[in-house]
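What follows is the residue order along each chain.
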Amino acid sequence: MNGNWKSMAVAMALAVGAFGCGDDDGDGTTPTEDMGTGGTDMEVPAGGFPGTTPAGLPAYALGEGVSGTMAMTTSAADYSCAGSRTAPAGGADATFTMEIREFRGGTAVEGLCVKFFPDNVVDLGADCDPGSDFVTDASGNISVTAPAGGWYSYRVFPSASDEIVDSFQINELAPADGGTNDGISVAESTLRLIPAVLGVQAATGTTLVAGTAQDCNGEPVYGAIAAIYREDGTFIAEAGGNTSPKYRFFDGDGTPSTAQRWTHVDGLFGGINMPVDAGGENLLVELWGMNDAGELEVIGCETVPAAPDAVAIVNVGPLRADGPTCPGMN
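1. Things to note about the overall build of the protein chain
Point 1. For the protein chain, the count of helices and strands is three helices and 16 strands.
Point 2. In the protein chain, which comprises 330 residues, the share counted as buried stands at 51%.
Point 3. Relative to all contacts within the protein chain whose residues are 6 or more apart in sequence, the contacts with residues 24 or more apart total 71%.

Encoded structure:
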């Protein structure tokens, strides 16, 4: 699997499990209280991390092994490219196959309309026209063209007849001419599999954001915490209630965890029930980490296109020279 396909696993695991990690018992406690690790949360000065910094947050690193909420061993993550890396420019145009499969069942769906963006710039206002855009064939495939080695993005539009929901993937690396890349579609049943007994619901009109914290080598980063902002820079804070925004991390073994307060050895994070404009908007995804000097700093920042009742996937590496400016960087 490629890296962004792995991120799709994050989104789906969130969809089927992590919605149940908030105020599941209806006792009125906030997500911070529900997710406590037994320590006292640290206060952050104005201008710092906009959320609540978890007690015991380790320095960001590459982690190996799982011992509860902690990695068993760590080594330095490579952030030598931070501030100087840029998005890959790509070379000559390459034509390749995208094999679009429904995430959970792995089934091919014929007739899905796909908007492809070879320059990696998503036009949120663009409709998908089966007459001029891409439509999956009987094998669930489309043939596309983009600069080899550069980033592209795409959007699979919802299909009521096939119960497929809206989804975005960005920063995908185009293969050489004649190559093949994975793509995804997401069934409504996959996105909405939330155990009713938990009393937690996916809020209509919101979006699910998921991804992986990565270093310069694409390795998953342990010890990152996330902040997501609206396009105007407004921080999306967690809140109590079963349809409110939630930030979730994984236990190092692919499962959302109520105890995990930062990315584990798999680097996986997600934001659930993120508010978004009716016409869509570009959300800012900011990752923070504690450096070896004990200082909390922004370690990554990317934008991701988002729309109501959709899934948005973005992996976040070290800060880019040509990347967006997130509020925590000011």
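Next comes the rest of the description.
2. As for the state of the cysteines
Point 1. Applying the stated criterion to the full structure yields three disulfides.
Point 2. In this model Cys113 forms its disulfide with Cys128; the gap between the sulfur atoms is 2.2 Å. Looking down the S-S bond of the Cys113 and Cys128 bridge, the torsion is -90°, so its handedness is left-handed. Taken together, the residues span a long stretch of sequence, with Cys113 in strand β4 (residues 113–117) and Cys128 in the loop between β4 and β5 (134–135) at a distance of 15 residues. In terms of burial, Cys113 and Cys128 fall into one category: buried.
Point 3. Numbered by position along the chain, the disulfide-linked cysteines of the protein chain connect as 1-4, 2-3, 5-6.

3. Let's talk about the sheet that holds strand β14 (residues 281–290)
Point 1. Strand order in the open sheet made by the three strands is β11-β14-β15, with antiparallel pairing throughout. Two strands bound the open sheet, and with one partner strand each, they are β11 (224–229) and β15 (296–306). The sheet shows a mean angle of 25° between the axes of neighbouring strands, taken without regard to direction.
Point 2. As paired strands, β11 and β14 are joined by six bridges and run antiparallel to one another.

4. Points about the pattern of salt bridges
Point 1. Counted according to the given criterion, the structure contains seven salt bridges.
Point 2. Ionic pairing is found between Glu238 and Arg248, a salt bridge with its closest N-O pair at 3.2 Å. You can see Glu238 sitting in the loop between β11 and β12 (246–249) and its partner Arg248 sitting in strand β12, a full ten residues away along the chain.
Point 3. Given the relative accessible area of 0%, Arg248 is considered buried.
Point 4. For Arg320, the salt bridge identified is with Glu302, shortest N-O distance 2.7 Å. Taken together, the residues span a long stretch of sequence, with Arg320 in the segment after β16 (310–313) and Glu302 in strand β15 at a distance of 18 residues.

5. Re the confidence of the model for the protein chain
Point 1. Across the protein chain, the average pLDDT comes to 85, with 83% of residues at or above 70.
Point 2. Predicted confidence for residues 16–46 stays below pLDDT 50, and this span has 71 contacts to residues more than four positions away or in other chains.
Point 3. Scored below 50 in pLDDT, residues 194–200 makes 13 contacts in the model with residues more than four places away or belonging to other chains.

6. A closer look at the nonpolar core
Point 1. If you look at the biggest cluster of nonpolar residues, it comprises 48 residues, and the most contacted ones within it are Val209, Ile228, Val285 and Val304.
Point 2. For this core, the secondary structure elements donating two or more residues are β8 (164–173), β11, β12, β13 (268–274), β14, β15 and β16.
Point 3. For Val285, the contacting residues outside a window of four places in its chain are Val209, Ala227, Ile228, Phe269, Gly300, Cys301, Glu302, Val304, Val314, Val316 and Cys326.
Point 4. Within the second largest apolar cluster, 19 residues are counted, among which are Val109, Phe116, Val144 and Ala187.

7. Structural notes on the packing of aromatic side chains
Point 1. Applying the stated rule across the entire model yields eight aromatic pairs.
Point 2. Plain terms: the ring middles of Phe49 and Trp288 are 5.7 Å apart, the flat faces sit at 75° to each other, and that makes the pair edge-to-face. Taken as a pair, Phe49 in the loop between α2 (31–34) and β1 (62–67) and Trp288 in strand β14 lie far apart in primary sequence, 239 residues in all.
Point 3. Residue Phe49 is classed as buried on the basis of its relative accessible area of 7%.
Point 4. Accessibility expressed as a relative area gives 4% for Trp288, which makes it buried.
Point 5. Plain terms: the ring middles of Phe116 and Phe134 are 6.0 Å apart, the flat faces sit at 80° to each other, and that makes the pair edge-to-face. Here the residue Phe116 occupies a position in strand β4, and Phe134 occupies one in strand β5, the gap between them amounting to 18 residues.
Point 6. You can call Phe134 partly exposed: its relative accessible area is 27%.
Point 7. Joined through ring pairs, the aromatic side chains of Phe96, Phe116, Phe134 and Tyr152 make up one cluster.
Point 8. The ring of Phe157 is capped by Arg155, whose NZ or CZ atom sits 4.5 Å from the centre of that ring.

What counts and what doesn't
Sequence order sets the numbering: in each chain, residues are counted from 1 along the sequence as written. For this predicted model, a pLDDT threshold of at least 70 governs which residues receive local features, and a threshold of 80 or more governs which side-chain atom pairs are given and counted, while totals over whole chains, interfaces and linings are taken from all residues. Side-chain descriptors were evaluated using all non-hydrogen atoms of the structure, hydrogens and water having been removed beforehand. In this text, helices come from DSSP runs of H or I with a minimum length of four residues, and strands from runs of E with a minimum of two, each type numbered from the N-terminal end. Classification of residues uses two cut-offs on accessible area relative to the type maximum, computed with a 1.4 Å probe and protein chains only: under 20% is buried, over 50% is exposed, and between them is partly exposed. It only takes one pair of heavy atoms within 4.5 Å for two residues to be counted as in contact. The disulfide definition used here is simple: a pair of cysteine sulfur atoms within 2.5 Å. If DSSP finds at least two bridges between two strands, the strands pair. Lines fitted to C-alpha atoms define the axes here, with helix axes fitted over just the stretch in contact, and angles between the N-to-C directions of these axes take values from 0 to 180 degrees. We define a salt bridge as a contact between a side-chain nitrogen of Lys or Arg and a carboxyl oxygen of Asp or Glu at a distance within 4 Å. The predictor attaches a confidence to each residue, called pLDDT, with possible values from 0 through 100. Nine residue types can take part in a nonpolar core, namely buried Ala, Val, Leu, Ile, Met, Phe, Trp, Tyr and Cys, and a core is a set of them joined through side-chain atoms within 4.5 Å. Aromatic pairs are defined between Phe, Tyr and Trp rings, using the six-membered ring for Trp, whenever the two ring centres lie within 6.5 Å; interplanar angles under 30 degrees are classed as stacked, those over 60 as edge-to-face, and all others as tilted. Counting as a charge over the ring demands two things of the Lys NZ or Arg CZ atom: a distance within 6 Å of the ring centre and an angle within 35 degrees of the ring normal.

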